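Fold and geometry: a report
As a plain string of letters, each chain reads:
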Amino acid sequence: MSARTRRQTLIGRFMRHRPAVLGAVAVVLLCLAALFAPVLAPHDPIELDTSVRFFAPLTHLAFPLGTDELGRDTLSRLLYGGQISLIVGLVAMATTVLTGALVGLVSGYYGGWIDTLLMRFVDMMLCFPQIFLLLVVAAFITPTLISISLIIGLTSWMEVARIIRAEILHLKEQDFVQAARALGAGGIRIMVRELMPNIVAPLLVAATLKVATAILLESYISYLGYGVQPPLASWGNMLTNAQGYFDSEPWLAIFPGVMITITVMSFNFLGDGLRDALDPRLRM
Amino acid sequence: MLAYIGRRIVGAIPMLIGVSIIGFALMHLAPGGPLAVYTLNPTITAQDIERIKTIFGLDQPVHIQYLKWAAGMFSGNWGYTFFGGRPVLIVILERLPATLLLMGSALSIAILLGLSIGMIGASRRYSIWDYLATTGALVALSFPTFWFGLMAIFILAVDLGWLPSGGMYELGEEGNIVDLLRHLILPTLVLALVITATYSRYARSAFLEVLHQDYMRTARAKGLRPRERLFRHAFPNAVKPLIALLGTDLPILFSGALVTESVFGWPGMGRLFVDALTMKEYPILMGLVMFTAFFVILGNLLADVAIALLDPRVRLS
Amino acid sequence: MVETLLEVRGLHTHFPILSKLFRRPVGNVRAVDGVDLDLAAGEVLGIVGESGSGKTTTGKTILKLIEPSAGSIVFEGRNITRLSPSMMTPIRRRMQIIFQDPMSSLNPRMTVGRILAAPFEIHRVAAGREIEDRVAELLAMVGLPAEAVSRYPHEFSGGQRQRIGIARALALRPRLIVADEPVSALDVSIQAQIMNLLKHLKDELKLTFILISHNLGVVSHICDRVAVMYLGRIVETAPRESLFFAPKHPYTEALLQAVPTPEPGRTRRRAVLGGDIPSPANPPSGCAFHPRCPKAMSRCAHDTPRPTRLPGGQVVACHLYGP
């Protein structure tokens, strides 16, 4: 079986998983929409105009999805909000994956007291409910996009570390690692050249799923007011005021929530599909 | 058996200490520090802050502070609230029953439903039910809990008026069980949504694991009917890793409870946390962070003991 | 005067057994329990034994892939027993290993080209174009097509993967190669091919081999001398013909009797071994083989027999032949 047919088999497995394909398509569309928000959005998302407030969706051509309590265009805010949510999701995911992979790699490869120490630390961090940790820190720092992404990332890496460590422990048993040592390769070379290419698959799966959780977390802390600050729009903080107007203007609360749900769903389906395609061992 | 419990308890002590160190570090690393509520207040002078520091012992070296704080913690003195000066531990414990009620109800539903869905999915693998169950679980996991709660309130409580929109009791109805249950339903269902979805996925994979073992084939060869096979043979073996997962998922349950309580105004620890955030009540915030962490350690211990009771191999190893 | 490439004395490799609670050592698995070996340049020494005999551990300990617990290893006149991993690095160019399992001995995510380039990169002996040339040379040496460089291990058969492993071992032109069960995982028809390849390479490149196997047939093919191991100790070392036609140690006899011969109707004296192999964590006292030995004497339970050199060139550790 050549390299090409192997790739074809993986793609074939992935394609059979219809929700995963839908998820992939949706993710691509969402990313494109976020990327081209400035082009697609009919209005400036923070532009106020109280003369056009509370328009219902599909009633005015200029404001296809209506306007909110300050006259801001909902569609534009959704697009820019998506940009923000995706940025935070991706940066948080990068932080999580880098930290988790590093800890898992070092812990799994070196073993011994380093492993014990790091894994005890991971166990202890996992005792704290994530939202508690997140909010305590979020409430006391100045919330910028970077700081929010970082704290979400730094409270989510523990599971990734465990997954990667388990994978490394399994890989260490393989002869090719011993072969590298027999050739005289040092620890760094083995970790980087031999082990890392083999953990790309589980990392990819974990990364995709972590984007989903990061977006959920960002939307919650923004909703509470400790995340993305107005006037910058995020799907979460669009909900903060929207709940007060649900009786008369329900769309203000429905649209952002639906967008969050669809985005998170897409990443979840994509991640699940990737997991099934790349590693039959982990098939759920 | 007692030896095993003893060993686990001894093993939990370093965890408690480590967790307290992390919590302490958190308190001091967060910019603004423990005195954020005062330093952010422009009417308080620098001298006042120095005096407050001395009162709270914050001018002493870090490790001394930690030891004093830890000693206080482990002897029940968790400090006092900034506003009102009430003992933090008491304040937290007052809210504990409400949270336990919510978490317990949600967990019960999640376990029952999740196990059933998982079992059905596993035993009818690749069927339409399995497909619906796995996809449905993934969809349920994607809902932002707080938004789902808000929607539930708006639609079921406000628009349709079937259920109360928040709180734990109507005024004057404390003690009325029916009233309590009416208030409990929505938050429980909302919290249970995500937990059930997660649990059904675990259960499905646990049952899949078990159903393909050789002893299941033996049971079938013995002529046992599917239901018997499922319940008497598959179930006890599948359930053990699930109990362990209960322990590890406790933090997630707390997080979910926080979100649910804040949306529904349920007077538990989660709601307390969100309120304390607004008022920058550090003592309560730290108290809750530590309390939940300790609770999780306890929960894991109990889960381990439960598994040891069910599985003699664990005890004897 | 033939050079002694390798001299091993009193080699012990013990693995501690840790208690579950506090990880205190409560015993030892004595995988290698006192091994003496001499290896002349250019010869092929076979080490045979059943699983658990410690032969693989011996091979890996000699290469310092496993740290020895006691004893000395002198390679090319240099005592390498206590050398640190970093000091071992330059020496590793001269001693290599071929693994048993062709599936796990090659990194599934690396192309054959990268796998074979690794030795040159690690020791910085070549770069860029030169590595490509050397890799092509290696592939030709083991009989693989040049296009293999861009392929992944899973695209090859077991026998071909083993060839890649051999090529990798040869890259830096080592003097000593430890082949750990090189053909056990291969189909019988392929085994002969690979053994012939090894023989050919040994002659071409003037290599010295330690061939570890549980299969006496394989060993008889190319080995000059054979050492038989039981529970971490060598019970007999002899030139090939002597071992196969005039075994001295009772265990060697029993091993040979167990080899099926394609001669139906031929009756043989069956020295059937009773019992199971004892655990290496708890070896019997005295001679490790005495509980199962058909010729055991009373002293076998107390005195550990020491290796005795016999006039025919064999070295046997058995009370039947010496102190």
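Everything numeric here is computed off the predicted structure, so don't read it as measured data. (Residues numbered from 1 in each chain as written. Chains lettered and ligands numbered in written order. Predicted model: local features only at pLDDT ≥ 70, side-chain atom pairs only at ≥ 80, totals over all residues.)

Re the overall build of chain B
Regarding its fold elements, chain B presents 14 helices and zero strands. Each helix and strand of chain B, placed in order from N terminus to C terminus, yields the pattern α-α-α-α-α-α-α-α-α-α-α-α-α-α. The burial tally for chain B puts 37% of its 317 residues in the buried class. Put simply, 69% of the contacts in chain B that link residues at least 6 apart link residues at least 24 apart. (Helix = DSSP H or I, 4+ residues; strand = E, 2+ residues; numbered from the N terminus. Buried ≥ 20, exposed ≤ 12 C-beta atoms within 10 Å, placed from the backbone. Contact = placed C-beta atoms within 7 Å.)

What to know about the overall build of chain C
Counting its secondary structure elements, chain C contains nine helices and 12 strands. At a minimum sequence separation of 6, the contacts of chain C that also span at least 24 residues come to 64%.

Here's the deal with the interface of chain B and chain A
With 39 residues of chain B at the contact, the number on the chain A side is 38 residues. Residue contributions to the side of chain B that touches chain A peak at seven residues, all from helix α13 (residues 282-310) of chain B. Within the side of chain B that touches chain A, the residues separate by chemical class into 30 nonpolar, seven polar and two charged. (Nonpolar A, V, L, I, M, F, W, Y, C, P; charged D, E, K, R; others polar.)

Some thoughts on helix α12 (residues 251-278) of chain A
Relative to the 40 Å expected for 28 residues at 1.5 Å per residue, α12(A) spans 40 Å between its end C-alpha atoms, a close match to the ideal helical length. Where burial is concerned, most of α12(A) is hidden: 22 out of the 28 residues are buried. (Expected span 1.5 Å × (residues − 1).)

Describing the confidence of the model for chain B
Mean pLDDT over chain B works out to 82, with 87% of the residues at or above the 70 mark. For chain B, the element scoring lowest by mean pLDDT is helix α2 (residues 36-39) of chain B, at 58; helix α11 (residues 250-264) of chain B scores highest, at 92. (pLDDT = per-residue confidence, 0-100.)

What to know about the sheet that holds strand β9 (residues 225-230) of chain C
All names here are of chain C. Across the sheet, which stays open at both edges, the eight strands sit in the order β6-β7-β8-β3-β9-β10-β12-β11 with mixed pairing between neighbours. Bordering the open sheet on either side are β6 (95-98) and β11 (308-309), each of which pairs with just one other strand. Across six bridges, β9 lies against strand β10 (residues 233-239) in antiparallel orientation. The partner of Arg225 across the bridge, within β10, is Pro239. (Pairing = 2+ DSSP bridges.)

So, the sheet that holds strand β2 (residues 25-40) of chain C
Residue and element names in this part refer to chain C. Pairing is antiparallel in the open sheet, where four strands are placed in the order β2-β1-β4-β5. Of all strands in the sheet, those bounded by a partner on one side alone are β2 and β5 (78-79). Sheet topology note: the strand β4 (residues 70-75)/β5 ladder contains two bridges and is antiparallel. Residue pairing in the sheet places Val74 in a bridge with Asn79 of β5.

Things to note about the nonpolar core
Judged by nonpolar contacts, the single largest core of 236 residues is most densely connected at A:Phe132, A:Leu134, A:Leu135, B:Leu285, B:Leu288, B:Val289 and C:Val228. Take this core: its biggest share by element is 19 residues, from helix α10 (residues 187-224) of chain A. Sequence-distant contacts of C:Val228, that is, excluding residues within four places in its chain, are made with C:Val48, C:Gly49, C:Ile234, C:Val235, C:Glu236, C:His249, C:Tyr251, C:Thr252 and C:Leu255. (Core = buried A, V, L, I, M, F, W, Y, C linked by C-beta atoms within 7 Å.)

Some remarks on the pairing of strand β3 (residues 44-48) of chain C
Residues and elements named next belong to chain C. Taking burial as the measure, the five residues of β3 include five buried ones, the bulk of the element. In β3, alternate side chains face the same way, and those of Val44, Gly46 and Val48 on one face and Leu45 and Ile47 on the other are all buried. With five bridges joining them, β3 and strand β8 (residues 208-213) adopt parallel strand pairing. Counted as the bridge partner of Gly46 is Leu211 from β8. Pairing geometry for β3 and β9, over four bridges, is parallel. Following the sheet pairing, Gly46 is matched in β9 by Val226.

Focus: helix α12 (residues 269-278) of chain B
In terms of burial, α12(B) is largely enclosed, as seven of its 10 residues are buried. Within the sequence span of α12(B), burial applies to B:Met269, B:Gly270, B:Arg271, B:Leu272, B:Phe273, B:Ala276 and B:Leu277. Along its buried surface, α12(B) packs onto α6 (130-138) of chain A together with α5 (88-123), α11 and α13 of chain B. Of the residues one or two after α12(B), B:Lys280 is the one with positive phi, at around 55°.

Considering the packing of helix α4 (residues 74-110) of chain A against α12(A)
Residue and element names in this part refer to chain A. Following both chains from N to C, one finds α4 and α12 inclined at 35°, their axes separated by 11 Å at the closest point. Once α4 is placed against α12, the crossing between them reads as right-handed. Residues Thr74, Leu78, Gly81, Gly82 and Ser85 of α4 lie in contact with α12, whose contacting residues are Phe255, Pro256, Met259 and Thr263. Its residues assigned to classes, the contact of α4 with α12 shows four nonpolar, five polar and no charged. (Axes fitted to C-alpha atoms, helices over the stretch in contact; angles between N-to-C directions. Left-handed = near helix turned anticlockwise from the far one by under 90°.)

A few points about the packing of α12(A) against helix α6 (residues 128-142) of chain B
Orientation of α12(A) relative to α6(B), taken along the N-to-C sense of each, is 135°, at an axis distance of 8 Å. Between α12(A) and α6(B), the angle is such that the two are oblique. Crossing geometry of α12(A) relative to α6(B) is assigned as right-handed. Of the residues in α6(B), those in contact with A:Thr261, A:Val264, A:Met265, A:Asn268, A:Phe269 and A:Asp272 of α12(A) are B:Leu138, B:Val139, B:Leu141 and B:Ser142. A per-class count over the contact of α12(A) with α6(B) returns six nonpolar, three polar and one charged. (Parallel < 35°, antiparallel > 145°, perpendicular 65-115°, else oblique.)

Examining the pairing of β8(C)
Residue and element names in this part refer to chain C. Within β8, six of the six residues are buried, leaving the element largely enclosed by the surrounding structure. Burial along β8 is two-sided: the residues Thr208, Ile210 and Ile212 and Phe209, Leu211 and Ser213 are all buried. A crossover links strand β7 (residues 176-180) with its parallel partner β8, the connecting element being helix α6 (residues 188-205), and its sense is right-handed. (Right-handed = clockwise from strand over helix to strand, strands pointing away.)

A few points about unusual backbone geometry
A cis amide bond, omega 10°, links A:Pro230 with the succeeding residue A:Pro231. Here A:Pro231 shows up in the loop between α10 and α11 (235-242). The phi torsion at C:Glu76 lies on the positive side, around 50°, for a residue other than glycine. Here the phi dihedral of C:Lys206 falls at roughly 55°; this positive angle occurs in a residue that is not glycine. Relative to the assigned elements, C:Lys206 resides in the loop between α6 and β8.

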